[in-house]
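Now for the letters of each chain:
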Amino acid sequence: ERSSSRGAPDNETKKMIAQTSAEVPPSVVRNRAIVYQSFSNDPISSLKMYKFISSITLPASSDDAFIKVQASTVSFSDCLIRQGIWWGTGSVSLPATPGVDVVGRVCNITENTANKYGIRPGDYVAALIRCGGNARYVKASGSSLVKVPASVDPAAAACMVETYLSAFQSLHVGEPPNSRYSFNCHAGKSILIIGGISMVGQAMIELARLAGAPKVYATARQKHHKFLRSIGAIPLPI
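Notes on the structure in this doc start here. (Residues numbered from 1 in each chain as written. Predicted model: local features only at pLDDT ≥ 70, side-chain atom pairs only at ≥ 80, totals over all residues. Heavy atoms only, no water.)

## Some points on the side chain of Thr113
Operational definition: Helix and strand definitions here come from DSSP, where helices need a minimum of 4 consecutive H or I residues and strands a minimum of 2 consecutive E residues; each element is numbered from the N-terminal end. Think of a polar contact as two N or O atoms within 3.5 Å of one another; within protein, one of them needs to be a possible hydrogen donor and the other a possible acceptor, and neighboring residues in sequence only count if both atoms come from side chains. Whether two residues are in contact is decided by their heavy atoms: any pair within 4.5 Å suffices.
By the secondary structure assignment, Thr113 is in helix 4 (residues 111-117). Among the polar contacts listed, one links the side chain of Thr113 to the side chain of Thr110, at a separation of 2.8 Å. Residues contacting Thr113, with those up to four places away along its chain left out, are Ser62, Asp63, Asp64 and Gly142.

## Regarding the environment of Arg180
Secondary-structure assignment places Arg180 in the loop between helix 5 (154-172) and strand 8 (190-193). Residues Arg180 and Gln169, spaced 11 residues apart in sequence, show a C-alpha to C-alpha distance of 10.0 Å. Beyond its immediate stretch of four places on either side in the chain, Arg180 contacts His172, Val173 and Glu175.

## Examining the nonpolar core
Selection criterion: For our purposes a nonpolar core is just a set of buried Ala, Val, Leu, Ile, Met, Phe, Trp, Tyr and Cys residues, chained together by side-chain atoms within 4.5 Å. The buried label goes to any residue with under 20% of its type's maximum accessible area, the exposed label to any with over 50%, and the partly exposed label to all in between, with areas taken from a 1.4 Å probe on protein chains only.
Counting 15 residues, the largest nonpolar core has Ile193 and Ile205 as the members making the most contacts within it. If you list the elements that add at least two residues to this core, you get helix 5, strand 8, helix 6 (199-210) and strand 9 (215-219). With five residues, helix 6 is the largest single contributor of residues to this core. Setting aside residues no more than four positions away along its own chain, Ile205 makes contact with Ile193, Gly196, Val216, Ala218, Leu228, Ile231, Gly232 and Ala233. Val102, Ile109, Ile119 and Ile129 belong to the second-largest nonpolar core, a separate cluster that totals 14 residues.

## With respect to the sheet that holds strand 5 (residues 124-128)
Rule in force here: A strand pair is defined by DSSP finding two or more bridges across the two strands.
Sheet architecture is open: five strands sit in the order 6-3-4-5-7, paired in antiparallel fashion. Of all the strands in the sheet, the pair left with one neighbour each is strand 6 (137-141) and strand 7 (146-147). For strand 3 (residues 64-72) and strand 4 (residues 101-109), the ladder comprises seven bridges, and the chain directions are antiparallel. The partner of Ser72 across the bridge, within strand 4, is Val102.

## As for the sheet that holds strand 9
Worth spelling out the cut-off: Angular values range over 0 to 180 degrees, each being the angle between N-to-C directions of two axes fitted as lines to C-alpha atoms, with helices fitted over their stretch in contact.
If you walk across this open sheet you meet the three strands as 8-9-10, and the pairing is parallel. Taken across any chain shown, the strands that pair with only one partner, and hence form the sheet edges, are strand 8 and strand 10 (234-236). Taken pair by pair, the neighbouring strands of this sheet meet at an average axis angle of 25°, ignoring direction. Bridge count for strand 9 against strand 10 is three bridges, and the pairing is parallel. Bridge pairing in strand 10 places Ala218 opposite Pro235. Sheet contacts for helix 6: strand 8 and strand 9; angle to strand 9, the most-contacted strand, approximately 170°.

Structural data, given as structure tokens:
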């Protein structure tokens, strides 16, 4: 579901945050999700929509939070997971809901988890999860939540999560611990990106430039060179 007000909480979310919904108890919600019962390469026959009542209660010891979903993706990763290819058929419990990228509003979180990660009920967040995003409500680890600026549309934010996190981790994995993730950790360095026209490759170019790299080389076919120059890369032929 998309919000029409760029991340602003809708009326249902406000009710959940205030715990004043008259329709159901505060700890119970009317959920909706895309579900597959078995691993399959046929999405038409395997994916079904279900409506059900679910609890969003969290024990005091929980490190998780519940999110009222505003946007989620159907990505290539989701397709591989649904087919049992990504982590194998034993790593995802069935029935399962696709959706590794999720954006929405925190509707329930324990006080300890809120204090630990600086996340509060009502916060507009994004998360990269194993599955479950194609639902109205989803539970995610507090450690996976990242706050999203209110000006960013939920659909746009959801499309960035997996792509930009993959690019960010790839750029920083070789950095020494004392400089890893610092704002200008690539200052003065030249970086080579293989496959610069891919989504992750384009994200790496952008992030490398933001991290101070003066020269970012990217391989691509000749027809993509003009575009790569426009986003700050130095194209190399393949």
